[in-house]
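Breakdown of the fold
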Amino acid sequence: MWQTEDLDLDAYLDRIGHARVSPSADSLRSLHRAHVLAIPFENIDVILGTHPGIGLDAIQAKLVRRQRGGYCYEHALLFSAALERLGFEVTRRVARVQPHKAGPRTHALLKVGVDGQDFLADVGFGAGQLYPTPMKDGVVIDQGGWDHRLTLDDDVWTLSKQTVDGWAPQHASNDEPVRAIDYEVYHHYVSTHPNSPFTGRPVVMRVADGVVRRLVGDKLTVEYADGRTTERVVPAQDLPEALASLDVVLSDEEVDRLRLV
């Protein structure tokens, strides 16, 4: 159902710069970090109207064989296939974004079992999670300089981020079974609906230790863990160069199409 056997595991590991490892909590943490640092979060194919879909072959062609990224479905499906091939126990999940508001249930993430523990693995939530989070009520994890907390209410796990105004819920999920067709439906909404945050403007996000870079529309923001923020407008003609600085490298044809858009 999930096409795990179609993954070129060696090519994926080469893309993220990681050795083949045995399943453990430490290797999950290392793989998670390597994936997030290597592969950008981005929606450029949605903006161009050329998204190839979320079949594993299409994801590999884009995220593994090219210097491109994707959004949550692509990241989660790629990472889950790699983890399963390495021997981890993986459950694919869906989360409601901003559950304290009118957020949709459209975010793909994973529950990973290893060493007798369960972890929330979330490699595709924009510029959020460098590391997996142990599924323990109230646990707080430093994600590159920003504290995130996981809490349990009935069967719902809510991930929140520490802000100057307190804990801000990011998403909420439970163990409701997810099928491949569910991801296809959610992907169709996120990539085509006019109310989707990804259909009207470029969104590219990169996270590293102590710094988050975001290109949303024509605004490039750099946020530091110590509270500093810089912001500048990127002229349309400079957008390809700005994308390349965020590790999203486009072909000449894609650059021409993007400039027209």
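**Remarks on the overall build of the protein**
Summing up its helical and strand segments, the protein has 8 helices and 13 strands in all. Its C-alpha atoms give the protein a radius of gyration of 18 Å, near enough to 18 Å, the size a compact globule of 261 residues would have. In terms of principal-axis extent, the alpha carbons of the protein reach across some 50 × 45 × 35 Å. A buried classification covers 52% of the 261 residues belonging to the protein. Summarising the internal contacts of the protein: among those between residues at least 6 apart in sequence, 54% fall at separations of at least 24. Just so you have it, the protein exposes about 11800 Å², and 47% of that area is on carbon and sulfur atoms. If the 28 positive side-chain charges of the protein are averaged to one point and the 38 negative ones to another, these points end up 3 Å apart.

**Brief notes about the pattern of salt bridges**
Scanning the entire structure with this criterion turns up 16 salt bridges. Note that R20 is salt-bridged to D10, the shortest N-O span being 2.8 Å. With R20 in the loop between α1 (9–16) and α2 (25–38) and D10 in helix α1, this residue pair connects regions lying 10 residues apart in the sequence. Like R20, the residue D10 is exposed in the burial classification. Where E176 meets R105, a salt bridge forms, and the shortest distance between an N and an O atom there is 3.4 Å. Placement of E176 in the loop between β9 (166–173) and α6 (180–192) and of R105 in strand β3 (residues 105–114) is noted, with a sequence separation of 71 residues between them. Classification of R105 as partly exposed rests on a relative accessible area of 22%.

Cut-offs and rules
Residues numbered from 1 in each chain as written. Predicted model: local features only at pLDDT ≥ 70, side-chain atom pairs only at ≥ 80, totals over all residues. Heavy atoms only, no water. Helix = DSSP H or I, 4+ residues; strand = E, 2+ residues; numbered from the N terminus. Rg over C-alpha atoms; globule rule 2.2 N^0.38 Å. Buried < 20%, exposed > 50% of the residue type's maximum accessible area, 1.4 Å probe, protein only. Contact = heavy atoms within 4.5 Å. Areas by Shrake-Rupley, 256 points an atom, 1.4 Å probe, with all protein chains shown as cover. Lys, Arg positive; Asp, Glu negative; His and termini not counted. Charge placed at Lys NZ, Arg CZ, Asp CG, Glu CD. Salt bridge = Lys/Arg side-chain N within 4 Å of Asp/Glu carboxyl O.

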